[in-house]
Amino acid sequence: MPETNKTETELDAVIIGAGFSGLYQLHCLRDRLGLRARVLEMADGVGGTWYWNRYPGARCDSESQSYCYAFSDELTREWEWSERYPGHAEIRRYLNFVADKLDLKRDIRFSTKVTSAQYEAADNRWHVATDSGDRLTAKYLITAVGCLSTANVPKIPGLDAFRGQWYHTGQWPHDGVDFRGKRVAQIGTGSTGIQAAPVIAETAAHLTVFQRTANYSVPARNAPLTPEFKTYIKENFDEIRRTTRSTTNGHPFVISQRKVFDVSEEERQKIYQAAWTKGGLQFRAAFEDLLVSKDANDTAAKFLKNKIREIVKDPETAAKLSDIDHPYGAKRPPIDTDYFETFNRANVSLVDVRADPIAEITPTAIKLESGAEYPVDIIVFATGFDAMTGALLRLNLTGRDGLKLAQAWQAGPRNYLGLQIAGFPNLFTITGPGSPSVLCNMPVAIEQHVEWITDCIDHMQRNDIARIEPTEEAVNGWVQHVNDAANATLLPQAHHSWYLGANVPGKPRVFMPYTGGMATYRERCNAIADNGYEGFSLSA
Ligand code: NA7
């Protein structure tokens, strides 16, 4: 259709993405503020990251009683999780339940990819173009594109000519992959690879795991929820909500206030053992200073490395798996179901590609720099994402005076509170870089952002404010603060971390998520709004 014939739909707000963020944002703008809002979603269903991540073993690392919306008592009453950690299919069922319950789907345009969005000062509107030819304009543009949604497939020479099948875990086929009788290579040992390997190994003829950076992992201890715990959730949801909204990381557990060296060595081992037995991300909560003191962290690292050596029977494999080069928790700490145990199976082997990197993929094998070849039928890339900025940059956003986002963020993301970018009026980025996002239990971070954005838009609508954008000064101050906060922790010490963009060749190395803690961040955002949106410039 020629450009001139395209109809333009006029709206108050366009929201990009139909995961946890986009669904709630639509509900708030449409049903609370009465605005004309629409969600544009690339997939043909709701779910966001969970629409795409259907790889074997894909499961959330947050406990189910906290991996859900907390804004509606009705939703809480009517939904029941089945396991300690929800699996990908159950999360999609949950998000469909929410979308149906709130009648959201009629305002979501599925199978529609945003190809560009441009702010025009003349009409103070965002002009959004999509691959289906739709043209929409809106006063507000809200990105709800998630932090981990742009698959990172490494550019390994020869992949195009590989004669077997290959898949990225974040773009998994909906009808699954049959590994029976196949030689499978899995590249990557982050949270995803650690979840996938044990499940792939159950059916593959042989699984070879290619490890670049060895990783810690704590048993998840997943299990069906007992009827008693289900009742506990229903009867105590207010308290669960109070906890998740007041903790540093939005999880339903409180980080201990004791420090590592406040207790004797014997006591410390007991505490670590109890945390290991309980399982899950709570291991990080055993002591207050694990992420700020290297000496303290070393004690946890030693405990976890010993566990690997205890579990894995072959000493050489155990040595490779426990040769971990970063502090515990400095990279996103995985939790697992039988990951290290999997290496005791006869059909599983480990290859250290830090020592001998992958040189190329031949039509039938993975070849290392030493010349060693591993013949394979299926390659699974568990190689992560162009995290936090990738999904935003591929939207082709243009702000005031033709400023492209790629230009504004050439040296890394720069914004205020992770929420707004200078030069991009009325654009809000839910869980953008510079906000706690991935360092927090995501639904908690998302609800806070969506509610803050909703209140801000409400304020603008009531007071006839046409534009909001942050001042350069506020952006400079926030970028500095995000850096200082990161440097006060051990997190930047993990040089291969996606928090730093290090997993994507050529990406600027900037520590992206805000480490200052969710509760502190929430208070700060509220105070800024209460003070007349300090640091933002609002114009009539
Ligand atoms: P991650 O955590 O980024 O892990 C990706 C893994 O893939 C990691 O082990 C990487 O090694 C490895 N990788 C990436 N590129 C290559 C190449 N070229 N060669 C060999 N190995 C490579 O992604 P996940 O999907 O596991 O987890 C992402 C988040 O999703 C997770 O943290 C949770 O928040 C949910 P590296 O460490 O870079 O050396």
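Scroll up to find the structure this text is about.
From a predicted model like this one, the values you see are computed outputs, not experimental measurements.

What counts and what doesn't
Residues numbered from 1 in each chain as written. Predicted model: local features only at pLDDT ≥ 70, side-chain atom pairs only at ≥ 80, totals over all residues. Heavy atoms only, no water. Pairing = 2+ DSSP bridges. Helix = DSSP H or I, 4+ residues; strand = E, 2+ residues; numbered from the N terminus. Axes fitted to C-alpha atoms, helices over the stretch in contact; angles between N-to-C directions. Contact = heavy atoms within 4.5 Å. 1 Å grid on protein atoms, 1.4 Å probe; cavity = no way out; pocket = protein on both sides within 12 Å on 5 of 7 lines; lining within 4 Å. Points joined across faces, edges and corners; volume = space filled by probe spheres on them. Nonpolar A, V, L, I, M, F, W, Y, C, P; charged D, E, K, R; others polar. Core = buried A, V, L, I, M, F, W, Y, C linked by side-chain atoms within 4.5 Å. Buried < 20%, exposed > 50% of the residue type's maximum accessible area, 1.4 Å probe, protein only. Arc of directions from axis to C-beta. Near = heavy atom within 4 Å. Polar contact = N/O pair within 3.5 Å; in protein donor to acceptor, adjacent residues only side chain to side chain. Areas by Shrake-Rupley, 256 points an atom, 1.4 Å probe, with all protein chains shown as cover. Disulfide = S-S within 2.5 Å. Salt bridge = Lys/Arg side-chain N within 4 Å of Asp/Glu carboxyl O.

*Asks:* Looking at this structure, how should I read the sheet that holds strand E12 (residues 348-352)?
*Replies:* Pairing is parallel in the open sheet, where five strands are placed in the order E7-E16-E8-E9-E12. Every interior strand has two partners, whereas the edge strands, strand E7 (165-168) and E12, have only one. Averaged over all neighbouring strand pairs, the angle between strand axes comes to 20°, with direction disregarded. Direction of pairing for strand E8 (residues 183-187) relative to strand E16 (residues 378-381): parallel, over a ladder of four bridges. Within E16, the position partnered with Gln 186 by the bridge is Val 380. Contacting E8, strand E9 (206-211), E12 and E16, helix H5 (residues 191-203) crosses the sheet at an angle of about 170° to E8.

*Asks:* Help me understand the layout of surface pockets, please; the structure alone is not making it clear to me.
*Replies:* Once rolled over the atoms, a probe with the size of a water molecule shows which space is left empty. Taken as a whole, the second largest pocket encloses approximately 590 Å³ of empty space. Lining the second largest pocket are 31 residues, with Thr 248, Ile 255, Glu 288, Leu 291 and Thr 515 positioned closest to its centre. Looking at the lining of the second largest pocket residue by residue, the classes come out as 17 nonpolar, nine polar and five charged.

*Asks:* What am I meant to see in the side chain of Thr 431 here?
*Replies:* Along the chain, the position of Thr 431 falls in the loop between strand E18 (427-429) and helix H14 (442-462). For Thr 431, the residues in contact, after removing those within four places along its chain, are Cys 147, Met 388, Ser 437, Met 442, Ala 445, Ile 446 and His 449.

*Asks:* Explanation requested: the nonpolar core in the structure shown.
*Replies:* Counting residues in each nonpolar core, the largest one holds 84 residues, and the members touching the most others are Leu 23, Tyr 69, Tyr 94, Ile 142, Leu 417, Phe 428 and Trp 452. At 10 residues, the largest contribution of residues to this core is made by H14. Counting 47 residues, the second largest nonpolar core, distinct from the first, contains Ala 196, Phe 303, Leu 321 and Tyr 339.

*Asks:* I'm lost on the pairing of strand E13 (residues 358-361) in this one. Help?
*Replies:* Two faces belong to every sheet, and in a regular strand the side chains alternate between them. Bridge count between E13 and strand E14 (residues 365-368): three bridges; the pairing is antiparallel. Its bridge partner being in E14, Ile 361 is matched across the sheet by Ile 366. Once E13 ends, the chain turns through three residues before running back antiparallel as E14.

*Asks:* Could you clarify how one ought to interpret helix H7 (residues 237-246) in this entry?
*Replies:* An α-helical turn contains 3.6 residues, so a residue and the one three or four places further along point in the same direction. Buried within H7 are the following residues: Phe 237, Ile 240, Arg 241, Thr 243 and Thr 244. What you see down the axis of H7 is that its buried residues fit within an arc of 160°, all on one side. Along its buried surface, H7 packs onto helix H3 (73-78), helix H6 (227-235) and H14.

*Asks:* Would you take a moment to explain the site of the ligand for this structure?
*Replies:* Taken together, 19 residues sit near the ligand, with Thr 192, Arg 212, Thr 213, Lys 331 and Arg 332 positioned nearest. Interatomic distance of 3.3 Å between a backbone N/O atom of Ala 382 and an oxygen atom of the ligand. Expressed as a share of its isolated accessible area of 780 Å², the protein-covered part of the ligand is 88%.

*Asks:* What should I look at first to understand the state of the cysteines in this one?
*Replies:* Disulfides are covalent bonds that link the sulfur atoms of two cysteine residues. Following the criterion strictly, the structure yields zero disulfides and no others. Looking at the unpaired Cys 440, the closest cysteine sulfur is the one in Cys 147, lying at 11 Å. Note on Cys 440: relative accessible area 5%, which makes it buried. Between Cys 456, a free cysteine, and Cys 525, which holds the nearest cysteine sulfur, the sulfur-to-sulfur gap is 11 Å.

*Asks:* Quick question: what am I supposed to make of the pattern of salt bridges here?
*Replies:* One side chain can pair with another of opposite charge once the charged atoms of both are near each other. As enumerated under the stated definition, the model contains 28 salt bridges in all. A salt bridge links Arg 30 to Asp 107, with the shortest nitrogen-to-oxygen separation between them at 2.7 Å. Taken together, the residues Arg 30 in helix H1 (residues 20-32) and Asp 107 in the loop between helix H4 (88-101) and strand E3 (108-109) connect sequence positions 77 residues apart. A relative accessible area of 11% places Arg 30 in the buried class. Judged by its relative accessible area of 14%, Asp 107 is buried.

*Asks:* Looking at this model, I keep getting lost on empty space enclosed by the protein. Mind explaining?
*Replies:* A full pass over the atoms with the stated rule returns five cavities of 30 Å³ or more. Taken as a whole, the largest cavity holds about 140 Å³ of empty space. Along the walls of the largest cavity sit 15 residues, with Thr 76, Trp 79, Trp 81, Ile 233 and Lys 234 positioned nearest its centre. Contributing elements (two or more residues each) for the lining of the largest cavity: H3 and H6. For the lining of the largest cavity, the element with the most residues is H6, which contributes three residues. Partitioning the lining of the largest cavity into residue classes produces nine nonpolar, three polar and three charged. In this model, the second largest cavity occupies a volume close to 80 Å³. Grouping the amino acids of the lining of the second largest cavity by side-chain chemistry returns eight nonpolar, three polar and no charged.

*Asks:* Which parts of the structure should I look at to understand the sheet that holds E14?
*Replies:* Within a sheet, adjacent strands bond to each other through the backbone by hydrogen bonds, running parallel or antiparallel. Spatially, three strands are ordered E13-E14-E15 in an open sheet, and the strand pairing comes out antiparallel. One side of each edge strand has no neighbouring strand; the edge strands of this open sheet are E13 and strand E15 (373-375). Averaged over all pairs of adjacent strands, the angle between their axes in this sheet comes to 20°, without regard to strand direction. Where E14 meets E15, three bridges bridge the pair, whose relative direction is antiparallel. Counted as the bridge partner of Ile 366 is Tyr 374 from E15.

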